[in-house]
Structures are given as structure tokens and as C-alpha cells.
Amino acid sequence: MKSIKLVLALVVLFLFQACNEDKKPEESYADGISTFYFIRHAEKDRSNPDNVDPELNQKGLGRAMHWAEIFDDVPLDAIYTTDYERATMTAAPTSVKQDILVQYYMPEEIDIEQFKADNLNKNVLVVGHSNTSPQFVNLMIGEDKYGPMDDYDNGSLYIVQIVNGTVTDMRLQFNCNCPEGR
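Residues numbered from 1 in each chain as written. Predicted model: local features only at pLDDT ≥ 70, side-chain atom pairs only at ≥ 80, totals over all residues. Heavy atoms only, no water.

## Points about the packing of aromatic side chains
For any pair of aromatic rings, geometry is given as the distance between the ring centres together with the angle between the planes. Scanning the model with the defined rule gives nine aromatic pairs in all. With a centroid separation of 5.4 Å and 75° between ring planes, the pair formed by Tyr-37 and Phe-71 is classed as edge-to-face. In this pair, Tyr-37 sits in strand β1 (residues 33-40) while Phe-71 sits in the loop between α2 (58-70) and β2 (78-81), placing the two residues 34 residues apart along the sequence. With a relative accessible area of 0%, Phe-71 lands in the buried category. (Phe/Tyr/Trp six-rings, centres within 6.5 Å; stacked < 30°, edge-to-face > 60°. Helix = DSSP H or I, 4+ residues; strand = E, 2+ residues; numbered from the N terminus. Buried < 20%, exposed > 50% of the residue type's maximum accessible area, 1.4 Å probe, protein only.)

Quick look at the structure:
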């Protein structure tokens, strides 16, 4: 519950901060607020190193449920995920809880301006990977600010907002006291 309140407080703070930041106007986004939440998939099953599409392990399933709790107070309009088991399993609890159909995307084919336009004035969750999530955020903010995530970093949350044409971003870290399983 504390993490949910923290996220909401940070989002409100983020909105006020956006009003004081240097402006990066984008003509088609001049009015309104678009908020994008980027996470990496939860912990994956590493028992078979040859499996390129593993499911989540026990801790990952717990973290996926934890993300759903964190986003419970955020009225999402859309959820995007890559077409990998670990990413879709991470998005599933939030998708079910908020009754939103998951949309699939291919990171290498994203038209960033079209993505922004399609999600204008919406709250959007994007589930990706250790390399694609920071890369997607960099495209959204128009600068190369975030490098690839550590392979065991499953708790980072990037928030990108476009408020009346001004783009701001932040990165938060959430710990999960999820059971490890066997």
C-alpha cells in the first residue's frame, strides 16, 4: 500500500515539476497529459539457458501481482507488451485487474511519433525487456539518457509524461518481497 501511495505522490509531484522544466514543445501534443509507465518483465525462469522464451519463475509471478497492485490506483487506458511469455505474463495481472486487452508491439518497429499520437491524453503501461524498455524511454524523451538495465533489474519503473508539450521523465526502483519458490 505504501508503494502505491508513493507512486501517486511522485506522479503528482512529477506533474508540478513538469510545469517548471525547460520546454521541449511537440506541436501535436500541445494540450493535455499523456503518461507512460515502462517496466521490464518480472523475474524469468533461468533453469534452461537454451530457452529463449521462458515463463516467469515463482518470484516473477509474485512481482507481476505486485505491479498490478502498484498500478491499481492508476486508471490505465492501454497496455503494450512484447510477444514473449515473460512479458505477457508480467502484464497479465494488471490487464485482468483493469479489464484492458493487451496490445503487442515489436520494439524494432516502433514509430515513436505514431505511438505518441495513438496514446495522446492516455495512461499507458509498456512491458519490455532490459534493453528495450530504456531504449523506448529514450525515444519518448528524445535523448539517449538511459542505458540497458542490469540483467537482474526487474523493479525499475520509468515514467514519461508529456504535459502540454513538455516531456519529463523519472526512474523509480521498487523492491519486491516476493517468495523465491523452489
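Now that the structure is up, let's keep going.
## Regarding the pairing of β1
With seven of eight residues buried, β1 lies mostly within the body of the structure. Pairing between β1 and strand β5 (residues 156-163): seven bridges, direction antiparallel. Opposite Ser-34, over in β5, you have Ile-162 as the bridge partner. (Pairing = 2+ DSSP bridges.)

## Brief notes about the environment of His-129
For His-129, the position within the fold is in the loop between β4 (123-128) and α5 (132-141). Relative accessible area serves as the criterion here: at 8%, His-129 is assigned to the buried category. For the pair His-129 and Asp-153, spaced 24 residues apart in the sequence, the C-alpha separation amounts to 9.9 Å. Non-local contacts of His-129, meaning those with residues more than four positions away in its chain, are made with Arg-40, His-41, Thr-82, Tyr-84, Arg-86, Ala-87, Pro-134 and Met-149. Engagement of the side chain of His-129 in a polar contact is seen with the side chain of Thr-82, the distance being 2.6 Å. (Contact = heavy atoms within 4.5 Å. Polar contact = N/O pair within 3.5 Å; in protein donor to acceptor, adjacent residues only side chain to side chain.)

## Notes on unusual backbone geometry
We note that Asn-121 has phi near 60°; this positive angle belongs to a residue other than glycine. Judged by relative accessible area, Asn-121 falls into the partly exposed class, the value being 41%.

## Digging into the sheet that holds β5
What holds strands together in a sheet is hydrogen bonding between their backbones, with the strands either parallel or antiparallel. In space, the six strands of this open sheet follow the order β3-β2-β4-β1-β5-β6, with mixed pairing throughout. Edge positions in the open sheet fall to β3 (102-104) and β6 (166-173), since each of these has one partner strand only. Across the sheet, the mean angle separating the axes of adjacent strands is 20° when strand polarity is ignored. Taken together, the eight bridges between β5 and β6 define a ladder with antiparallel strand orientation. Each bridged residue has a counterpart across the sheet, and for Val-163 the counterpart in β6 is Thr-166. Along the sheet, α5 makes contact with β1, β4, β5 and β6, crossing β1 at roughly 160°. (Axes fitted to C-alpha atoms, helices over the stretch in contact; angles between N-to-C directions.)

## Some points on the environment of Thr-168
Tracing the chain through its elements places Thr-168 in strand β6. For the pair Thr-168 and Met-140, spaced 28 residues apart in sequence, the C-alpha separation works out to 9.5 Å.

## Focus: the pattern of salt bridges
Oppositely charged side chains can form a pair if their charged atoms are brought close together. By the definition in use, this model includes seven salt bridges. With its nearest N and O atoms 2.9 Å apart, the salt bridge here joins Arg-46 to Asp-151. Taken together, the positions of Arg-46 in the loop between β1 and α2 and Asp-151 in the loop between α5 and β5 put the pair 105 residues apart, joining distant regions of the chain. Overall, Asp-151 belongs to the partly exposed group, its relative accessible area being 32%. Linked by salt bridges that have partners in common, Arg-40, Arg-46 and Asp-151 make up one network. (Salt bridge = Lys/Arg side-chain N within 4 Å of Asp/Glu carboxyl O.)

## Examining the pairing of β6
Counted residue by residue, β6 has six buried out of eight residues, so it is predominantly covered. Between β5 and β6, which pair antiparallel one after the other, the connecting turn spans two residues, and Asn-164 there sits at a positive phi close to 50°.

## Some words on α5
Most of α5 sits inside the fold, with eight of its 10 residues counted as buried. For α5, the complete set of buried residues consists of Thr-132, Ser-133, Pro-134, Phe-136, Val-137, Asn-138, Met-140 and Ile-141. Those residues of α5 hidden inside the fold are in contact with β1, α4 (112-118), β4, β5 and β6.

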